[in-house]
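Chain by chain, the residues run as shown.
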Amino acid sequence: MNLFSGRPSAEVWKYEQKLDTWFQLPDMLTPRSELGLALIDGYIYACGGSNGEFRLNTIERYSINENKWSLVATMQVGMTSPACCALNGYLYITGNEEKKKAKFYFLENQLFLGGAVLEEGDAVDLVMRFDPRTFEWSNDIAPMRIARSGSVAVVLRQKIYVCGGLQSNTENTNLAEVYDPTMNQWQFIAPMREHRYRPGAAVVNSKIYVCGGQDEQPGKYHESVECYSPDTDQWTIVTELICGRSFLACSMLLLKWSDILWEHLCDGETNSLPDIS
């Protein structure tokens, strides 16, 4: 993957916060751009994407312990820009671009794909699930409420939330929905304040934060960051990015106070604050 030019790349980098430094890891087996990523049981899964000519249908994973990549599965259809998340050992992927066929999602130990674009921006609502433990696909997952691509997916309180994207090939959407795996049902939640295509998202302190994304107007990218509370079913604009952007990725990094590099300490001060829990 290439974080800057957008061209397909096999490079992988790890950020070490204590040293404030990036370290290069072994390359992926296949150069990819617009791929989806998820972490499950000590493995990082790289799903779909583009090699610059074709949408990819392969899934490979990186073993953190063994420091190597291996091919683990093939999807029914190639897709780009999948939104991935992990829940209960399954891998879910949502908000993709495919070829007029399906969307996939991953739920902890199982893989789900959904909200994808198959060809020329076609959005889909199909949801599939893959189990990394048995390497088997499930085909009985309920479809999303709307077809979408370029969305984001996160897990909160044992449910999967899918937000934004391109709705049914017509317009960027602010619609969001939630999937309950125990009921195998999707339902709408409150819409976001902004229409967002290919934003970034992360969960912090039991709330969902969605950042950036492309506006309804072509070439216009949001600076805003909005927050969703499942307790109130409300979205709130909370801050802004330094510059508007789309095709971004977000992640929560849990730190200890002792790991934080302080720019300045007053006389007598130490990094003695309790760890962030």
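Since the structure is predicted, the reported quantities are computational estimates derived from the model, not experimental observations.

## Overview of the environment of R145
Step number 1: Within the secondary structure layout, R145 lies in the loop between β12 (136-138) and β13 (148-149).
Step number 2: For R145, a relative accessible area of 46% translates into the label partly exposed.
Step number 3: Each C-alpha atom, one on R145 and one on E177, is 7.5 Å from the other, the two residues being 32 residues apart in sequence.
Step number 4: The contacts of R145, once residues within four sequence positions are left out, are E177, W186, Q187 and F188.

## Brief notes about the confidence of the model for the protein chain
When pLDDT is low, close inspection of the predicted coordinates is not appropriate.
Step number 1: Looking at the protein chain as a whole, its pLDDT mean stands at 83, while 79% of the residues score no less than 70.
Step number 2: Confidence, read as mean pLDDT per element, is least for strand β9 (residues 105-107) in the protein chain (39) and greatest for strand β22 (residues 224-229) (98).
Step number 3: Confidence drops under a pLDDT of 50 for residues 98-109, and excluding neighbours within four residues, the segment shows 120 contacts in the predicted structure.

## Some thoughts on the sheet that holds strand β20 (residues 200-204)
Step number 1: If you walk across this open sheet you meet the 4 strands as β20-β21-β22-β23, and the pairing is antiparallel. Looking at strand neighbours, the two that pair on one side only are β20 and β23 (234-240), the edges of this open sheet. Within the sheet, the average angular offset between the axes of one strand and its neighbour, ignoring direction, is 25 degrees.

## Description of the nonpolar core
Step number 1: Within the largest apolar cluster, 15 residues are counted, with the highest numbers of intra-cluster contacts made by Y161, C163, I189, I208, V210, Y228 and W235.
Step number 2: Every element with two or more residues in this core is listed here: β14 (152-156), β15 (159-163), β18 (176-180) and β21 (207-211).
Step number 3: Among the elements that line this core, the one with the most residues is β14, at 3 residues.
Step number 4: Non-local contacts of Y228, meaning those with residues more than four positions away in its chain, are made with Y161, I189, K207, I208, D233, Q234 and W235.

Criteria and cut-off values
- Residues numbered from 1 in each chain as written.
- Predicted model: local features only at pLDDT ≥ 70, side-chain atom pairs only at ≥ 80, totals over all residues.
- Heavy atoms only, no water.
- Helix = DSSP H or I, 4+ residues; strand = E, 2+ residues; numbered from the N terminus.
- Buried < 20%, exposed > 50% of the residue type's maximum accessible area, 1.4 Å probe, protein only.
- Contact = heavy atoms within 4.5 Å.
- pLDDT = per-residue confidence, 0-100.
- Pairing = 2+ DSSP bridges.
- Axes fitted to C-alpha atoms, helices over the stretch in contact; angles between N-to-C directions.
- Core = buried A, V, L, I, M, F, W, Y, C linked by side-chain atoms within 4.5 Å.

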